[in-house]
Amino acid sequence: MSADAFQLYGTDEREPESWSLAVGALGVVLQDGNLRTLRFRGHEVLRAIAFLVRDKDWGTCSASIADLAIEETERGFSVSYRARFTAPSGAHLDCNIGISGTAEGVSFSADCVSDADFETARAGFVVLHPVVGLAGQPVQVRHGDGSLELARWPDEIEPWQPFKDIAAIMHSVAPGIEATTEFGGDIFEMEDQRNWTDGSYKTYVRPLALPWPYLVPANQPFSQRISVAIQAEEVAATAAGTDEVISVELKSTSLRFPELGIGLRPECFAEEVAALDLLGMIGARHLIAHFDPGAGHGEAALKGYAEIAARSGLKVTLELAVPSLRPLDEEMAEFAALVGHCKLTLDTLFVCPSVDRQSTPPGSAWPDCPPLEDLYAAARAAFPGIRLGGGMMSYFTELNRKRVPGDPIDYISHCTNPVVHAADDLSVMQTFDALRYVVSSTRALYGDKPYRIGPSTIAMRQNPYGSATKENPAGARIAMATVDPRHNGQFGAAWTLAYAATVASAGLEVLTLSTLAGPFGLVAGEGEPTTKDAPRPLAHVLARLGTLAGEELVAVETSRPDAVLGLASKNRLLLANITPETQVIELAAKPRKVLEIGADGTELPAEAQIMLPPYGCVEIVLRLTVEP
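All of these numbers come straight from a predicted model, not from anything done at the bench. (Residues numbered from 1 in each chain as written. Predicted model: local features only at pLDDT ≥ 70, side-chain atom pairs only at ≥ 80, totals over all residues. Heavy atoms only, no water.)

> Could you give me a rundown of the pattern of salt bridges, with the residues and numbers involved?
Counted according to the given criterion, the structure contains 35 salt bridges. When the shortest N-O distance is used, the salt bridge between R265 and E267 registers 2.7 Å. Close ionic contact of D562 with R560 constitutes a salt bridge, the shortest N to O distance being 2.7 Å. In this structure D562 comes out as partly exposed when scored by relative accessible area, which is 44%. With a relative accessible area of 10%, R560 lands in the buried category. Each of E13, D425, R477, D484 and R486 takes part in salt bridges that share partners, so that together they form one network. (Salt bridge = Lys/Arg side-chain N within 4 Å of Asp/Glu carboxyl O. Buried < 20%, exposed > 50% of the residue type's maximum accessible area, 1.4 Å probe, protein only.)

> For the packing of helix α8 (residues 425–446) against helix α9 (residues 490–503), give the residues involved together with the corresponding values.
At a minimum axis distance of 9 Å, the contact between α8 and α9 shows a crossing angle of 15°. Taken together, the axes of α8 and α9 lie roughly parallel to each other. The interaxial crossing formed by α8 with α9 has right-handed handedness. Residues D425, V428, M429, T431, F432, L435, R436 and V439 of α8 form the contact with α9, whose own contacting residues are F491, A494, W495, A498, Y499, T502 and V503. Taken together, the residues of the contact of α8 with α9 break down into 11 nonpolar, two polar and two charged. (Axes fitted to C-alpha atoms, helices over the stretch in contact; angles between N-to-C directions. Helix = DSSP H or I, 4+ residues; strand = E, 2+ residues; numbered from the N terminus. Parallel < 35°, antiparallel > 145°, perpendicular 65-115°, else oblique. Left-handed = near helix turned anticlockwise from the far one by under 90°. Contact = heavy atoms within 4.5 Å. Nonpolar A, V, L, I, M, F, W, Y, C, P; charged D, E, K, R; others polar.)

> Report on the state of the cysteines, specifying residues and quantitative values.
One pass over the structure, following the stated rule, counts one disulfide. In this model C95 forms its disulfide with C112; the gap between the sulfur atoms is 2.3 Å. On the S-S bond that ties C95 to C112, the torsion sits near 115°, and the link is right-handed. Taken as a pair, C95 in strand β7 (residues 92–102) and C112 in strand β8 (residues 105–114) lie far apart in primary sequence, 17 residues in all. Note on C369: no disulfide assigned, nearest cysteine sulfur contributed by C352 at a separation of 8.1 Å. (Disulfide = S-S within 2.5 Å.)

> Report on the environment of G475, specifying residues and quantitative values.
Mapped onto the secondary structure, G475 falls in the loop between β26 (451–453) and α9. Taking C-alpha positions, G475 is 24 Å from A270, a pair spaced 205 residues apart along the chain. Those residues within four positions of G475 in sequence are excluded, and the remaining contacts are T11, E13 and P485.

> How would you summarise the sheet that holds strand β20 (residues 259–264) if you had to cite specific residues and measurements?
Around the barrel, which closes on itself, the eight strands sit in the order β20-β21-β22-β23-β24-β25-β26-β27 with parallel pairing between neighbours. If you compare each strand with its neighbour and ignore which way they point, the axes differ by 25° on average. Here β20 runs beside strand β21 (residues 286–291); their pairing, made up of four bridges, is parallel. In the strand pairing of β21, I262 is matched with L287. Here helix α10 (residues 537–548) sits on the sheet in contact with β20 and β27 (510–515), set at roughly 160° to β27. (Pairing = 2+ DSSP bridges.)

Okay, here's the thing in structure tokens:
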């Protein structure tokens, strides 16, 4: 596998330049004007401190940075620059930014003013605390009135804000190391970003109970400030390094690998028919057919699905966005008649009120929607004998906030998306920190109810938080994008395998991580790393997963889950490198065979120590003994 950027990411665009700043035992990265990965003695203190501006649909307004100055001395560092954020209306928000750091902490300030009324959903600081090492642990929160709350970081994912009116947060970074983060200039509150598979707890400016979008008035200055102070005992240990060899441990489970689903979309029918052979290649068992009457889907879409089902022989799940505009028994009876007319045989029916695909944030009024029990009863009556699924057609966030009744349905389902808030490479791969909590939280809510996930892809198929997804004609890394070039490269293959590895512990019934064709699909288009009409790299990962469907799952634990993730059967181990650096893997014994997962399936030396290239994926034929 080549480390060429285009092959890895599907684009030649580079991420913004970054600078590593360090003083004493404190280190932080400056990128795109913001701070990320604040560490002390190697321990992660904060995942990020960022001054962000969102448009009315929660898309990110990029900053134009001028007069960047970075100074470093033995005693500390300082950064200053001017940032200009531009709203879709053309209004500008101009900010003077100042950052300073010493061996004991950092501060980050912003002094801003707009040249016209600036419409925004949020303008100000966000601070991200990591989930790993903090979930379920004690935390102290000082509120605006000076009162102190002794609490714990949420363990299961909290649907609403765990803390409000935050002036400071005090937490333990590691034994003997404490951090205090102070917030000034506005009212801050926290949300559990694991809802969206962000690997963090986010403290942000302006309560969501206030109206949004809102206007920053012209010529009215405002200022905000974040400061972090760290106290450490002399004996506090330094974290283990990241250049060590990664070990792998295998443990038997009572679980089995899920069957694979593949999404279908009406607008891709011609390409889907041309790509039918790929369904056999990857071992798909289910077609997840999207049907949205509100988007104009009708008889043609169902007849297309019927043709693909007949030619492939796969089971069909109709993913139905129910308009809920007329009596439910009438609507569902009409859908059943239309499905029958189009000769589409269903294995299962997944129903979700169309209105529930849009998020209802804290403090907002819930839209009109019939009781879900009534919807499920109408679906049962119209489609007798068909397994019925419920949940959310959008993301876990919406399911967590509107918990559907489990008793009337046969299985629960939802999707996830990794680019809701941030789209840089590191943030996308850090979503696996949160994804494991998504599936454990779902299991906590619904017990052993059959459970499905997907279609889940890097690009966003629908935006629950605004009027539309973001167009991405330049193939950039942008949040909420309807197209993401990394889906087309080796990055997408690693993300797909790591996703399957992370949710393996949930005992899923069906997992869907791609559509058949189109920007979310398996088939390469023009100008991609893979030849047009050939399978994209993630198709080869799915092909390996497809062959494992129904086999006994062996759990895989690596010593660096932030770098390498995997899953296994009794005789095969699949590993994905989720970093841009080569990782060295040490197996307990020499394997029988090691193969790159890709079009060529190149055989690598079968040694106990394996070099896993950037975003590389390998299949290892085992000699290892699996621990009971």
